[in-house]
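A look at the structure
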Amino acid sequence: MGGSEPFQFDKELGAPEKSAANDVVVPLGAPSAPSPPAPAGGDFAIKNPPTNPSPTDVGDLENLGVDLASAMAGEGLEGFQPVVIFGTNNSGKTSLLLSLFSTLLTQNRLETGLFLADPILGSSSPIGEKLHSEARHTFQMKTQHFMDGRKTQKTNIELPFFIPVEVRPKDRPAVRFAFLESNGEWYRPQRDGDSLFPKLKRAIETFVSCYQGGIIFLYLVPYTQAGVYDSADRRVDEREVADASLAISGVLQAYNDIRATDRGRDRHLMLVSKWDAHDKTETERSTADEVSKAEVEEFCEKRYRQAFSTFKGLQLPAGRFDVKPYSAGIINDVGLQQHRHDYSVRLWEWLYRGALENADLAPVSPFPAKPQKPAIVRLVTGLLDRISG
């Protein structure tokens with residue numbers, strides 16, 4: 001599990017520290033730098049150099065998904081646990097990732113380290129370096145901007161990429177996750193075309209169909225498609241929510257069509273993002289533990305009926321699917337005002353347990369047990385709850 005890149009910032013500027021290697025920008029499709037000459041002989045001599053470079057070495061993207069699936073595979077915890085996130089634009093995909101990262105980077109009580117892992121495809125090819133550069137920028141720059149309260153910029157990328165991270169809990173197994181980042185517009189339904197649902201990007205489709213092992217899927221259905229604290233037109237929001245419901249229904253149908261290998265080991269979570277829109281005021285705001293599953297399912301049934309119907313229609317095995325709320329924090333048009341670490345902690349626990357189960361290990365929480373309140377406090381609280389009804 002070694003060889004990870006620690007999350008470090010310049011002490012004065014708050015920018016990621018760069019190495020000389022990171023300063024080199026290699027354009028996609030450009031030839032790789034020439035390798036140093038091999039030794040004349042001995043154990044380190046290249047006896048049978050490859051005559052056909054891999055497709056990713058020459059910038060051919062046709063096999064990108066296959067290459068990613070192969071590179072992430074491994075026995076037990078030796079490989080990566082892929083987390084594929086689907087959601088339209090304004091669904092909160094990027095804020096979800098940044099809130100997950102920032103929780104482990106700032107909450108010392110969790111006794112869990114988080115590090116950027118080695119490049120999934122290596123860094124010797126242009127495509128491998130390009131994808132890892134995007135991952136590094138998200139993990140370092142965007143996460144720091146999120147924690148600084150700066151507005152999260154809309155994701156606009158040419159290729160989907162995975163962010164490889166290593167989670168290191170105290171006295172528990174380390175797990176390497178790979179989180180998919182993508183453009184929300186790729187999933188938007190096409191109401192005026194020949195087909196309602198756009199095809200998945202080839203790299204995503206081939207990865208999902210070829211990866212041998214359990215994949216964790218997150219389907220984001222936001223409480224609102226507008227900013228939670230914006231004065232948006234309700235009619236516009238209704239139309240956007242309807243499109244978001246169609247989009248998730250489309251990717252679920254695509255999953256049903258393309259995923260065969262290890263399908264029984266996959267895990268699926270429908271995540272109602274921007275849950276803070278449900279209770280905007282401080283006195284109403286509930287914690288992640290206080291939101292009932294029935295309440296979340298009722299919301300999905302009402303606002304995302306088509307997506308929720310397709311989700312349930314997959315007839316997934318018991319324990320392999322769930323519905324949960326999520327709030328990355330109190331975020332306005334300026335940026336993050338208050339982080340909701342309770343939601344991040346609960347999601348990390350679900351992800352970590354799932355990764356352990358996929359590795360045929362006993363599922364445990366990555367975090368130390370939360371200290372209980374003194375018995376007298378629990379007694380008084382219980383009495384007050386009964387009195388208040």
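Right above here is the structure, for reference.
Residues numbered from 1 in each chain as written. Predicted model: local features only at pLDDT ≥ 70, side-chain atom pairs only at ≥ 80, totals over all residues. Heavy atoms only, no water.

What to know about the overall build of the protein
Secondary structure summary: the protein contains nine helices and nine strands in total. Counting the 389 residues in the protein, one finds 48% classified as buried. Within the protein, contacts between residues separated by at least 24 positions form 78% of all contacts whose residues are at least 6 apart in sequence. (Helix = DSSP H or I, 4+ residues; strand = E, 2+ residues; numbered from the N terminus. Buried < 20%, exposed > 50% of the residue type's maximum accessible area, 1.4 Å probe, protein only. Contact = heavy atoms within 4.5 Å.)

Some words on the packing of aromatic side chains
Scanning the entire structure with this criterion turns up 19 aromatic pairs. A ring pair is formed by Tyr326 and Tyr343, whose centres lie 6.3 Å apart and whose planes are at 70°; its orientation type is edge-to-face. With Tyr326 in the loop between strand 7 (321-325) and strand 8 (329-331) and Tyr343 in helix 8 (residues 341-358), the pair connects residues that are 17 residues apart, well separated along the chain. Exposure class is identical for Tyr326 and Tyr343. Each is buried. Linked through ring pairs, Phe86, Tyr187, Phe217, Tyr219, Tyr255, Phe311 and Phe321 together constitute an aromatic cluster. In this arrangement the basic side chain of Arg176 is found over the ring face of Phe80, its NZ or CZ atom lying 4.3 Å from the centre. (Phe/Tyr/Trp six-rings, centres within 6.5 Å; stacked < 30°, edge-to-face > 60°. Lys NZ or Arg CZ within 6 Å of the ring centre and 35° of its normal.)

Description of empty space enclosed by the protein
For the structure on display, the rule yields four cavities of 30 Å³ or more. Counted as a void, the largest cavity has a volume near 90 Å³. Every residue along the wall of the largest cavity is listed here: Leu68, Pro119, Ile120, Leu121, Gly128, Leu131, His132, Ala135, Pro160, Phe161, Phe162 and Pro164. At the level of secondary structure, the elements contributing two or more residues to the lining of the largest cavity comprise helix 3 (126-147) and strand 3 (161-169). (1 Å grid on protein atoms, 1.4 Å probe; cavity = no way out; pocket = protein on both sides within 12 Å on 5 of 7 lines; lining within 4 Å. Points joined across faces, edges and corners; volume = space filled by probe spheres on them.)

Section: helix 2 (residues 93-106)
Across its 14 residues, helix 2 extends 20 Å between first and last C-alpha, which sits within 8% of the 20 Å expected from 1.5 Å per residue. The buried fraction of helix 2 is high, at twelve of 14 residues. Among the residues making up helix 2, those that are buried are Lys93, Thr94, Ser95, Leu96, Leu97, Leu98, Ser99, Leu100, Phe101, Ser102, Thr103 and Leu104. (Expected span 1.5 Å × (residues − 1).)

Side note on the pattern of salt bridges
Within the structure shown, the criterion is met by 14 salt bridges. A salt bridge links Glu238 to Arg303; the shortest N-O distance between them is 2.8 Å. Here Arg303 lies in helix 6 (residues 293-303) and Glu238 lies in helix 5 (residues 234-258), a separation of 65 residues in the sequence. Among the residues examined, Glu238 registers a relative accessible area of 34% and is labelled partly exposed. Residue classification places Arg303 among the buried positions, given a relative accessible area of 19%. Here Glu357 ties to Arg267 by a salt bridge, and the two come within 1.9 Å at their closest N and O atoms. Taken as a pair, Glu357 in helix 8 and Arg267 in strand 6 (residues 267-272) lie far apart in primary sequence, 90 residues in all. Here Glu357 falls in the partly exposed class, since its relative accessible area comes to 34%. By relative accessible area, which is 4% here, Arg267 ends up buried. (Salt bridge = Lys/Arg side-chain N within 4 Å of Asp/Glu carboxyl O.)

Notes on the pairing of strand 3
Judged by how many residues are buried, strand 3 sits mostly within the fold: eight of nine residues are covered. Pairing of strand 2 (residues 112-116) with strand 3 involves five bridges; the strand directions are antiparallel. Its bridge partner being in strand 3, Thr112 is matched across the sheet by Pro169. Taking the residues between adjacent antiparallel strands as the criterion, strand 3 and strand 4 (residues 175-181) are bridged by five residues, where Asp171 takes a positive phi near 60°. (Pairing = 2+ DSSP bridges.)

Comments concerning the packing of helix 2 against helix 3
The angle between the axes and the distance between the axes are what describe a pair of packed helices. As a packed pair, helix 2 and helix 3 sit with axes 9 Å apart at the nearest point and diverge in direction by 85°. Considered as vectors, helix 2 and helix 3 are oriented roughly perpendicular to each other. Between helix 2 and helix 3, the contacting residues are Ser95, Leu98, Ser99, Phe101, Ser102, Leu105 and Thr106 on the first element and Thr138, Phe139, Lys142, Thr143, Phe146 and Met147 on the second. By residue class, the composition of the contact of helix 2 with helix 3 is six nonpolar, six polar and one charged. (Axes fitted to C-alpha atoms, helices over the stretch in contact; angles between N-to-C directions. Parallel < 35°, antiparallel > 145°, perpendicular 65-115°, else oblique. Nonpolar A, V, L, I, M, F, W, Y, C, P; charged D, E, K, R; others polar.)

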